[in-house]
Structures are given as structure tokens and as C-alpha cells.
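Here's the letter readout for the chains.
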Amino acid sequence: MRLGLQLLGGLLLIFALATWFVVKIFVEEIKPGVRSATEDTLVDMTQLLAPLARDDLREGKMQNGRLASAFARLNQNPVNALIDGHLKQLAEYRIYVTNQQGIVIYDSDGGAVGQDYSRWNDVYRTLRGQYGARSTRTDPNDPASSTMYVAAPLRDGVAIIGVLTVAKPSRTLMPTIERGERELMRVGSQMLLGTLLIGGLLVWWLNRAIGKLVHYADSVSKGEAAPLPRLHTVELDRLGRALETMRHQLDGKGYIEDYVHSLTHELKSPLAAIRGAGEILAEAPPPAVANRFIGNINLETARIQQLIERMLQLARLESGQPLDRHTVDPSKLATRVLDTRQIAASPRQISLLTTLASSTKAKWDSLLIEQAIGNLLDNAIDFSPTGATVRLQGALQQGGYCFSVSDNGPGIPDYALPRIFERFYSLPRPDKGKSSGLGLSFAHEVARQHGGRLTLCNRPEGGVLAELWLPLA
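To keep things clear, this report deals only with the structure shown in the data block. (Residues numbered from 1 in each chain as written. Predicted model: local features only at pLDDT ≥ 70, side-chain atom pairs only at ≥ 80, totals over all residues. Heavy atoms only, no water.)

Moving on, we come to the sheet that holds strand β5 (residues 133–137). Spatially, β4-β3-β7-β6-β5 is the arrangement adopted by the 5 strands of the open sheet, whose pairing is antiparallel. The two strands at the open ends of the sheet, each matched to only one other strand, are β4 (104–107) and β5. For this sheet, the mean inter-axis angle between neighbouring strands, taken without regard to orientation, is 25°. Of the pairings in the sheet, the one linking β5 to strand β6 (residues 146–156) comprises 5 bridges and is antiparallel in character. Following the sheet pairing, S135 is matched in β6 by M148. (Pairing = 2+ DSSP bridges. Helix = DSSP H or I, 4+ residues; strand = E, 2+ residues; numbered from the N terminus. Axes fitted to C-alpha atoms, helices over the stretch in contact; angles between N-to-C directions.)

Below, the structure written as C-alpha cells:
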């Protein structure tokens, strides 16, 4: 299961437990609390009415005394009390009085007079000087049919001469309980929606952050120099930095191994040539032969020196050293590079043409850009036939500046296109053989360091088109 779904499931489980806890509290505490509050009210009422009932009992006027008269007038006028949205119109109480034997001698409902209530807890316990109360259902299967009875003793001195009981149906409590249940459901629904919303946002944010790390890891595994994403949380940032540190350590190790292997491979050929020339010179050949092999030694030595210098230059660039950016004019920079290549192009009568856009300003490392453009021009000149034309163009494009170098050479074979930016990979030059294979790799890295791109493709009419696009800042 995905981490986001596990997290969302955990949040819903927490919400379910919280809901169960709240419902449990409501059932075990709130509902009984409402009944306890009602019972407390009934206790107060019995204590208030007990003196009236006692006097009526002494005078033998239970059916027409002050208690009966007061209760008869109780619901003559509607109450019309709006209590938390519930309209109360009648006082829903029942009062009955029993004598010392527990026989009902007054009933506000009029139906229980003469009946023996001595075994009911409210009467039985009160006649014995205890607190008397009971709750009885008219329908054993319906909790809402329950009625609460609370009694108070009628005393003549210390003797108990009767019992006054006040009863209130539990259904009168239902509006309050139902209102509490509705409020609980409303708040619970809002909490559920809030939990789902927050959980969804959290899952989306977490998946997005993890997706950034996955994308970063995939880019690194493909050899791309992807920047470490910002994740805006301490734990994920620490994970990202740990991945970045591991990447640098692995890159450093692989980088050194790659360079040592590549350098060893590239040095084999010139060293073999120097060794062969040395062996021939050791045999004291004629001066003409000796001079030729001495020239070979000098040429291969210069090649080794150029290879090492270019490798060091590329290594410094790939190591992530900060660029020395300053304001430059792209057209003037390109013209300066083109002028330095005139000497190399003249012996083979290659024409160097330029078309550059009007002056603008860019924040570049001018030395690196000049070297990158120079490498593109060197390739174009080397692969162009005698008397050909090499064009250097520059134009504003997509918020940046694009240099394009085109030639009329043989083009790039299809098998070589995927490898043209690899270090030490090169194709044979018509007049020079193979180069160091670092020129295009260097130019590609310069473009990447500046946030730009370098692309090479074969032209339909023949030759190669190289485009170096760089942002202006």
C-alpha cells in the first residue's frame, strides 16, 4: 500500500477512535447527566410541594385542598416557552399522595386513587425514612416510555404520615437529548470532512515531496546533474541532503575512476608512439630518419600536454566551481572568437562568415563561453572540406541568446549521435586524425553550468548545425 494511503487510513482510524470516544462519553455521561439534572429538579419540587400536601392531608382535603387547586390551575394557560428551539406549552408533571399504608389518596391524573403503591420504591423507601425514587417503563421494550418518580415524606412532627411523589415522563427530556445528538452528528460530520480535507492535503503534499526526491534520484541515476529539490520540511530536507551527500561521494569516486580510466586509455597511443620513436633513435638511424622521429616525439608530447590541460580544464568546470559572471556583449564575444580562428581556416581556404543580432547584454563567464564557441568552430573547420564555408550566427531566442555554427562537412554518422558529448569520444578528422574528444564535452558542460543547452544535428543539405543557447542572466 502506498505511504499516502497508509497515512490517510491512519488519520481516519484516529478520527474513528475519537468519534467512538465522544459517543461513548455522550451515552455514558451526557444522557445520564440530563436525567440526573431532571431528578435534581424533581427533588426540589417535592420538597417545595410537601408542606402543602402535609397540610391538606392533616385537614383531610386532599381532593380539594390547596395542592389540588394549584395543580388544577397549572395548565389552564399554555406556557409557550421556547427552549433552545423546542416549544414547551404544558407542564408535564404527575403528582400523587399516599397515606401511611401506601394507599393513593390523591392522584393528579385521577386514575390511581385507592390503589396500593406501598411496594413501589418511591413510596416503600420514603415511608422508611430513606430517599425514595424509581424509574418505570410503561412499555418494557421502549426506553422512551420511562417515567421518573421522586418522593418526599409528609411528616407530622417526626412521624411520617404520608408520601408525596412527583413524576415526569422521560420523553420530555428527549428534545434536549436529541438536540445534543444532532449537534454531535453535525460537529462529527464537520470533523470528518475536515479530517479528509487535511488528510488529503497532507497526502498530496507528502506524495509531491517524495515525488521530487524520486525524480531527483532518477535524474542522478541517469547521470543528469539535477539540483536538490527544496522540500520545506526538516525531516525530508535532511533526507534530501543525505541523498545529495551520498551522490557527491559516489560521483567523486566514479568521477576519479572514470577520469583515470579515460586518461590511461587516451595516453596509450601517444606513449606507444614515443616509445617506438625512442627505440628507433636508440639504433642511431640516419639524421633524416632521426629528425622525423624526433618530430614525432615532439608532436605526441604536445598532444599529451594538450590532453592533460583540457582534462584539467573540464575537471575544474565539472567540479562545480562558481562561474565568474560579468556583463558581456554576445555579438562582440562571438566576433572575437571568430577572429582567433581565421589563422586555422586560411591554409585550407575556408571562409568564416558571421551574422550576429544587434547588441544586447548578458551575464556570463566570458572565458568559458569563448572556449565553448571556439570548440564548436574548431570542429566545423576540421570537418569542412577545402574551400568550404563555416557560418557563425547569433540571435535572441526564447529569452536568451543562441549561437549557431554550421559547416558543409560529412555530418555525424547515426551511430555517433548518441555519444557526441561523451568525454574522449571523437570521430576521425579528414586531415588530423582523431582529436582529444573533450571539445564538445566541455562546451556541453559550459552550457549546462549557465543554465543553457547545446544541440548538434545533421543539416538536410549536408554538414552539421550546432546550437548553443544561453539565458541572458
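Resuming the write-up.
Its identity is not glycine, yet Q349 carries a phi of approximately 55°, on the positive side. Assignment of secondary structure puts Q349 in the loop between α8 (342–345) and β9 (351–356). Backbone geometry at Q398 places phi at a positive 55°, although glycine is not the residue there. Examined against the element boundaries, Q398 turns out to sit in the loop between β11 (389–397) and β12 (400–406).

Okay, the packing of aromatic side chains next. Overall, the coordinates contain 5 aromatic pairs when judged by the stated rule. Seen from their ring centres, Y401 and F403 are 4.9 Å apart, and the 55° between their planes marks the pair as tilted. Taking relative accessible area as the criterion, Y401 reaches 0% and is therefore assigned buried. A connected cluster of aromatic rings, assembled from ring pairs, spans Y96, Y117, W120 and Y149. For the cation-ring pair, R134 lies above Y149, with the distance from its terminal atom to the ring centre recorded as 3.7 Å. Above the face of the W469 ring, R453 is positioned so that its terminal group lies 4.7 Å from the ring centre. (Phe/Tyr/Trp six-rings, centres within 6.5 Å; stacked < 30°, edge-to-face > 60°. Buried < 20%, exposed > 50% of the residue type's maximum accessible area, 1.4 Å probe, protein only. Lys NZ or Arg CZ within 6 Å of the ring centre and 35° of its normal.)

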